[in-house]
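Residue-level structural notes
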Amino acid sequence: MGDSVYDPPAGYALRKNGTCGADQETCGNPWNDWHNCCPKGTHCGEHNTCCPREAGCEQFLVEDPHCANNKTWDLYKTEGNFFCCLSTSSAYLAGGLWYNGSSTTGIACADGIPDGEENEALYPVARGTATQSSSTNTGAIAGGVVGGCAGLALIIALVWFLMRRRRQQAPATDPLMSPDPSTPAQDKKGVYGFELDNNAMRAELQGNPSTMAHELPPDTVRQELPASPVR
């Protein structure tokens, strides 16, 4: 085993025409004479996987796709599925096949691509790059979201600044104060509250400081009306 329990000999199986080797486990017969072969001591898992235990390992291998033998096998991917071919051969999709009355394709390995318009050549996938595109897309999406939020925050800050500046520059007008009295009526803009001029003369009743205030003499006898006789 490697550094991880899911390193080789765990990995994706070899697609082989005919029977698997003596040092390999036969893990199914996908179509015609083609078989999936895993190294001895591993367990056959779903979707062309060779697992270190019977519990299965596909969920771990999809995070780091690699062949069960990285030294002499090459990794391929088609239609979301991984498989391996010997490094001395090439992979292709074999067309013109029929399964349950429907046309289909099969994954195969050969020294050369067989003649036929239905066959499509495939190309190896280097380990560590199989999931690179999805990681790149995720990073691009995250970057776009962060950039959009930053732009929105900048616009909000700019609008707030302009509104605040406009309020500070607006003249403060007290509707209770009158404009300059010398301003023509048409320029007073509807302000009707006026105060008295500071220089206006305020008149009072004329008074004479030498005039004495008189009262009744202190020795004046106060007369009362006669009381009514007792009946």
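Coordinates for the structure precede this section.
Residues numbered from 1 in each chain as written. Predicted model: local features only at pLDDT ≥ 70, side-chain atom pairs only at ≥ 80, totals over all residues. Heavy atoms only, no water.

Looking at the sheet that holds strand S6 (residues 49-51)
- Taken in spatial order, the three strands of this open sheet run S1-S6-S5, and their pairing is antiparallel. The open sheet is flanked by strand S1 (11-12) and strand S5 (43-44), the only strands paired with a single partner.
- Bridge analysis of S1 against S6 gives two bridges, and the strand direction is antiparallel. The residue of S6 that forms the bridge with glycine 11 is cysteine 50. (Pairing = 2+ DSSP bridges. Helix = DSSP H or I, 4+ residues; strand = E, 2+ residues; numbered from the N terminus.)

A word on the side chain of serine 89
- Locating serine 89 in the fold gives a position in the loop between strand S8 (81-86) and strand S9 (90-99).
- Setting aside residues up to four positions removed in sequence, serine 89 forms contacts with Tyr76, Cys109, Ala110 and Asp111. (Contact = heavy atoms within 4.5 Å.)

Quick look at the state of the cysteines
- Here the structure, examined in full by the defined rule, presents six disulfides.
- Across a sulfur-sulfur distance of 1.9 Å, cysteine 20 and cysteine 37 are joined as a disulfide pair. Taking the sign of the S-S torsion, -85° for the link of cysteine 20 and cysteine 37, the bridge is left-handed. Taken as a pair, cysteine 20 in the loop between strand S2 (14-17) and strand S3 (24-26) and cysteine 37 in strand S4 (residues 34-39) lie far apart in primary sequence, 17 residues in all.
- A relative accessible area of 12% places cysteine 20 in the buried class. (Disulfide = S-S within 2.5 Å. Buried < 20%, exposed > 50% of the residue type's maximum accessible area, 1.4 Å probe, protein only.)

Examining the environment of asparagine 29
- When you line up the elements, asparagine 29 lands in the loop between S3 and S4.
- Sequence-distant contacts of asparagine 29, that is, excluding residues within four places in its chain, are made with Trp34 and His35.
- Reaching out from asparagine 29, the side chain makes a polar contact with the backbone oxygen of tryptophan 34 at a distance of 2.5 Å. (Polar contact = N/O pair within 3.5 Å; in protein donor to acceptor, adjacent residues only side chain to side chain.)

Focus: the pattern of salt bridges
- Going through the model one piece at a time under the given rule, you end up with one salt bridge.
- Taking the shortest distance from any N to any O, the salt bridge between lysine 40 and glutamate 25 comes out at 3.9 Å. Taken together, the positions of lysine 40 in the loop between S4 and S5 and glutamate 25 in strand S3 put the pair 15 residues apart, joining distant regions of the chain. (Salt bridge = Lys/Arg side-chain N within 4 Å of Asp/Glu carboxyl O.)

Structural notes on the packing of aromatic side chains
- Scanning all chains against the criterion turns up four aromatic pairs.
- When the ring of tyrosine 6 is compared with that of phenylalanine 60, the centres are 4.4 Å apart and the planes differ by 15°; the resulting orientation is stacked. Of this pair, tyrosine 6 sits in the segment before S1 while phenylalanine 60 is found in helix H1 (residues 58-61), placing the two residues 54 residues apart along the sequence.
- Overall, tyrosine 6 belongs to the buried group, its relative accessible area being 15%.
- Between the aromatic rings of tyrosine 12 and phenylalanine 82, the centroid separation amounts to 5.1 Å while the plane-to-plane angle is 40°, which identifies the pairing as tilted. One end of the pair, tyrosine 12, is in strand S1; the other, phenylalanine 82, is in strand S8, and 70 residues separate them in sequence.
- Of note, arginine 15 hangs over the ring of phenylalanine 83, and the distance from its end group to the ring centre comes to 6.0 Å. (Phe/Tyr/Trp six-rings, centres within 6.5 Å; stacked < 30°, edge-to-face > 60°. Lys NZ or Arg CZ within 6 Å of the ring centre and 35° of its normal.)

Quick notes on the side chain of asparagine 36
- Mapped onto the elements of the fold, asparagine 36 is located in strand S4.
- Classification of asparagine 36 as buried rests on a relative accessible area of 7%.
- Side chain to side chain, asparagine 36 and arginine 15 meet in a polar contact 2.7 Å long.

Considerations on the pairing of strand S7 (residues 73-78)
- Relative to S8, S7 runs antiparallel, the two sharing six bridges. Bridged to lysine 77 within S8 is phenylalanine 82.
- The turn joining S7 and S8, which pair antiparallel and follow one another in sequence, is formed by two residues; a positive phi near 50° is taken by glutamate 79.

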